[in-house]
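This is what each chain is made of:
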Amino acid sequence: QQQVKQSPQSLIVQKGGISIINCAYENTAFDYFPWYQQFPGKGPALLIAIRPDVSEKKEGRFTISFNKSAKQFSLHIMDSQPGDSATYFCAASSGGNAGNMLTFGGGTRLMVKP
Amino acid sequence: GAGVSQSPSNKVTEKGKDVELRCDPISGHTALYWYRQSLGQGLEFLIYFQGNSAPDKSGLPSDRFSAERTGGSVSTLTIQRTQQEDSAVYLCASSRRSYSNQPQHFGDGTRLSIL
């Protein structure tokens with residue numbers, strides 16, 4: 001059962017454009033939503049994360065928008081750069097005593113053209 | 001060390017052999033997680049440790065997989081009688097604790113190839 005659905009699978013954006021990646025979740029117990037960036041041959045690196053009591057979080061060029069009622073969240077990369085070309089994963093977890101293990105979306109391969 | 005360290009970075013072995021993968025978490029992190037990344041299944045949770053205890057082993061694919069953690073630090077993931085479907089990148093992550101949604105920091109993984 002895929003509990004976190006991510007789209008699109010791949011994305012091509014021109015340099016300076018906005019990259020938008022969307023995720024939807026099913027489990028209402030999820031209360032932590034991180035985004036990870038992964039380069040080939042490397043492990044995922046935490047980019048930015050949000051909790052459901054906040055509708056938006058911005059860190060530099062990266063913004064998470066969160067819609068609790070729709071059970072959706074998205075990553076916006078402003079002024080996209082060729083160095084942003086990587087695979088992006090959304091994830092979700094529930095805290096408390098549930099262990100905090102991450103459930104990942106399927107990933108989005110982003111290519112930013114110069 | 002500064003980050004999560006995994007060894008070996010690459011492992012090629014024959015079907016039926018046993019393999020042992022090692023993870024050295026960030027100093028002071030009490031929670032440690034193993035995930036598997038494969039083309040067909042994406043990133044999937046295997047097991048986590050809080051200290052030396054593994055409260056949730058539900059993600060282990062079969063009884064050929066086992067993991068342990070000693071001294072609240074280094075962890076090893078062992079796969080016995082490897083099969084070709086075990087080929088994947090095995091990722092380890094650590095966080096300060098396994099609750100309160102602490103950020104998880106990943107190593108670069110062990111790429112396992114079963115011939």
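About the cut-offs
Residues numbered from 1 in each chain as written. Chains lettered and ligands numbered in written order. Predicted model: local features only at pLDDT ≥ 70, side-chain atom pairs only at ≥ 80, totals over all residues. Heavy atoms only, no water. Contact = heavy atoms within 4.5 Å. Buried area = accessible area lost by both parts, 1.4 Å probe. Salt bridge = Lys/Arg side-chain N within 4 Å of Asp/Glu carboxyl O. Nonpolar A, V, L, I, M, F, W, Y, C, P; charged D, E, K, R; others polar. Buried < 20%, exposed > 50% of the residue type's maximum accessible area, 1.4 Å probe, protein only. Helix = DSSP H or I, 4+ residues; strand = E, 2+ residues; numbered from the N terminus. Pairing = 2+ DSSP bridges. Axes fitted to C-alpha atoms, helices over the stretch in contact; angles between N-to-C directions.

Chemist: Outline the interface of chain A and chain B, supporting the account with residue identities and numerical values.
Modeler: In this assembly, 21 residues from chain A lie in contact with 18 residues from chain B. Roughly 1600 Å² is buried in total at the junction of chain A and chain B, and carbon and sulfur atoms are behind 50% of that figure. Summed over the three residues of chain A that lose the most area to chain B, namely Asn100, Met101 and Phe104 of chain A, the buried surface amounts to 29% of that side. Applying the counting criterion to the chain A and chain B interface returns one salt bridge. Residues Lys42 of chain A and Asp108 of chain B are paired through a salt bridge, measuring 3.7 Å at the closest nitrogen-oxygen approach. Considering only residue class, the side of chain A that touches chain B consists of eight nonpolar, ten polar and three charged.

Chemist: Can you break down the pattern of salt bridges residue by residue, with the values?
Modeler: All names here are of chain B. Scanning the model with the defined rule gives six salt bridges over all chains in all. Close ionic contact of Glu44 with Arg36 constitutes a salt bridge, the shortest N to O distance being 2.9 Å. For Arg36, a relative accessible area of 10% translates into the label buried. When the shortest N-O distance is used, the salt bridge between Asp86 and Arg64 registers 2.8 Å. Of this pair, Asp86 sits in the loop between strand E8 (75–79) and strand E9 (88–95) while Arg64 sits in the loop between strand E6 (53–56) and strand E7 (65–69); the two residues are 22 residues apart in sequence, bridging distant segments of the chain. Given a relative accessible area of 1%, Asp86 falls into the buried group.

Chemist: Give a detailed account of the sheet that holds strand E1 (residues 5–7) of chain B, specifying residues and quantitative values.
Modeler: Residue and element names in this part refer to chain B. Spatial ordering of the open sheet is given by E1-E3-E8-E7, a layout of four strands whose pairing is antiparallel. Because the sheet does not close on itself, it has two edges, and the strands there are E1 and E7. Between one strand axis and the next, the sheet turns through 15° on average, direction left out of account. Here strand E3 (residues 19–24) pairs with E8 via five bridges, running antiparallel. Bridge assignment links Leu21 to a residue of E8, and that residue is Leu77.

Chemist: Please set out unusual backbone geometry residue by residue, giving values where relevant.
Modeler: Residue and element names in this part refer to chain A. The omega torsion across Ser7 and Pro8 is -5°, close enough to zero to call that bond cis. Within the secondary structure layout, Pro8 lies in the loop between strand E1 (4–7) and strand E2 (10–14). A positive phi angle, near 45°, is found at Asp79, a position not held by glycine. Mapped onto the fold, Asp79 is located in the loop between strand E8 (72–77) and strand E9 (86–92).

Chemist: Describe in detail the sheet that holds strand E7 (residues 62–67) of chain A, supporting the description with residues and values.
Modeler: Residue and element names in this part refer to chain A. The strand order across the open sheet built from five strands is E1-E3-E8-E7-E6, with neighbouring strands paired in antiparallel fashion. Of all strands in the sheet, those bounded by a partner on one side alone are E1 and strand E6 (56–59). Looking at each pair of strands side by side, their axes are set apart by 15° on average, direction ignored. Here six bridges tie strand E3 (residues 19–25) to E8, and the two strands are oriented antiparallel to one another. Within the sheet, the bridge partner assigned to Asn22 lies in E8 and is Ser74.

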